[in-house]
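The primary structure of each chain is shown beneath.
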Amino acid sequence: MESKHYNDLSIMGCTVPTRVNRKSKSDATQVNINGIHIGGSEIIVIAGPCAVENREQLLETAKQVSSAGANILRGGAFKPRTSPYTFQGLGEEGLKYLAEARKETGLPVVTEAMDTRQMDMVCKYTDIVQIGSRNMHNYPLLKEAGRCKKPVLFKRGMMATVEEYLMAAEYILSEGNQDVILCERGIRTFENCTRFTLDLSAVPLLKRLTHLPVIVDPSHGTGHRWMVPSMAKAAIAAGADGLMIEVHNKPLDALSDGKQSLYPEDFVQLVKDIEKIAQAIGRKIYHRKPSLV
Ligand code: PEP
Ligand code: MN
């Protein structure tokens, strides 16, 4: 017999489980990160390198994205790499640099936990735990994220339908953690000129089906630095509550995802441009209140 948490909440032919379902909660969920509300009227911008490579690289990039107007710093300490022979991340050392960068800039940080055994350590340092695309179907990890006391940035699996994605998000909520931020980051299609196909139609769809905030990652979604600004602007126009953008102080020297990482000066321009798109749709980018710095 189907559980009552599952059965009768189909919207537009898509079965949406109870806790993530828009019908179960009329107001939109706002995830509060130290006073930054993700999912409210203001748009948040997460930026930083793909991976934390060393102290100087992270601190320099963190200062650059912070002064350009980013609200949250990203950087992977545990990296899910296609090849086992490429840079795998600095682990706890990287988490310490993230904590230091938070202190220097005042920006909250987000970083990925790839494994249940990393969850406690990651939560000790981070403000938001990221669950990556490759782990969207890792149900033990999702349950662990549901039990942790930190908000979760939950990326769509690259081969997952929206229904599968929402079922997976339900695992996190059903363990008691309501603070889930959805992130569209591109799906596999037959197209191979781009790294993935950024499914921007998922933005209005997810916003309609659920009450959770929805952000977009155009960096992994396209794989090309030059394409990131266009898709970032399109994501805001489509109604996304925020962006996650890879920025590197020296993209040509990056140990991972250099080709899709913006130069700091490109990021400065992008923030200015999305401010205009936000205004055009009656929103604005979140700016830190002086007391939080
Ligand atoms: C990332 O954001 O660091 C990352 C690895 O992205 P994804 O899980 O979407 O591939
Ligand atoms: Mn990356």
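The notes below deal with the structure included here. Computed from a predicted structure; not experimentally measured.

### Brief notes about the site of ligand 1
Right, so step 1: Surveying the vicinity of ligand 1 reveals the residues Arg-74, Lys-79, Pro-80, Glu-112, Gln-130, Gly-132, Ser-133, Arg-134, Lys-155, Arg-185 and His-220.
Right, so step 2: At a separation of 2.9 Å, an oxygen atom of ligand 1 approaches a polar side-chain atom of Gln-130.
Right, so step 3: Lys-155 places a polar side-chain atom, nitrogen or oxygen, 2.8 Å from an oxygen atom of ligand 1.
Right, so step 4: When ligand 1 sits alone it has 300 Å² of accessible area, and the protein chains cover 97% of it.
Right, so step 5: Applying the majority rule of atoms within 2 Å of the grid points places ligand 1 in the largest pocket.
Right, so step 6: Considering only residue class, the shell around ligand 1 consists of 1 nonpolar, 4 polar and 6 charged.

### Some words on the coordination of the manganese ion (ligand 2)
Right, so step 1: The protein atoms that coordinate the manganese ion (ligand 2) are Cys-50 (SG), His-220 (NE2), Glu-246 (OE) and Asp-257 (OD), at distances spanning 2.0 to 2.4 Å.
Right, so step 2: Written as a sequence motif, the donor arrangement for the manganese ion (ligand 2) is C-x169-H-x25-E-x10-D. One end of the pair, Cys-50, is in the loop between β5 (42-48) and α1 (55-68); the other, Asp-257, is in the loop between β12 (242-246) and α9 (264-280), with 207 residues separating them in the sequence. Both residues of the pair, Cys-50 and Asp-257, count as buried.

### Considering the side chain of Lys-155
Right, so step 1: In this structure, Lys-155 sits in strand β9 (residues 152-155).
Right, so step 2: On the basis of relative accessible area, Lys-155 is assigned to the buried category, the value being 4%.
Right, so step 3: A distance of 2.6 Å separates the side chain of Lys-155 from the side chain of Asp-217, its partner in a polar contact.

### Quick word on the packing of α1 against α9
Right, so step 1: Axis separation between α1 and α9 bottoms out at 9 Å; the angle between their running directions is 20°. In this view, α1 runs roughly parallel relative to α9, as classed from their interaxial angle. In this structure, α1 meets α9 at a crossing whose hand is right-handed. Contact residues: Gln-64, Val-65 and Ala-68 in α1; Pro-264, Phe-267, Val-268 and Val-271 in α9.
Right, so step 2: For the contact of α1 with α9, the class distribution of residues is 6 nonpolar, 1 polar and no charged.

Rules used throughout
Residues numbered from 1 in each chain as written. Chains lettered and ligands numbered in written order. Predicted model: local features only at pLDDT ≥ 70, side-chain atom pairs only at ≥ 80, totals over all residues. Heavy atoms only, no water. Near = heavy atom within 4 Å. Polar contact = N/O pair within 3.5 Å; in protein donor to acceptor, adjacent residues only side chain to side chain. Areas by Shrake-Rupley, 256 points an atom, 1.4 Å probe, with all protein chains shown as cover. 1 Å grid on protein atoms, 1.4 Å probe; cavity = no way out; pocket = protein on both sides within 12 Å on 5 of 7 lines; lining within 4 Å. Sits in = over half its atoms within 2 Å of the grid points. Nonpolar A, V, L, I, M, F, W, Y, C, P; charged D, E, K, R; others polar. Donors = N, O, S within 2.8 Å, 3.2 Å for Na, K, Ca; no water. Helix = DSSP H or I, 4+ residues; strand = E, 2+ residues; numbered from the N terminus. Buried < 20%, exposed > 50% of the residue type's maximum accessible area, 1.4 Å probe, protein only. Axes fitted to C-alpha atoms, helices over the stretch in contact; angles between N-to-C directions. Parallel < 35°, antiparallel > 145°, perpendicular 65-115°, else oblique. Left-handed = near helix turned anticlockwise from the far one by under 90°. Contact = heavy atoms within 4.5 Å.

Purely geometric numbers; function is a separate question.
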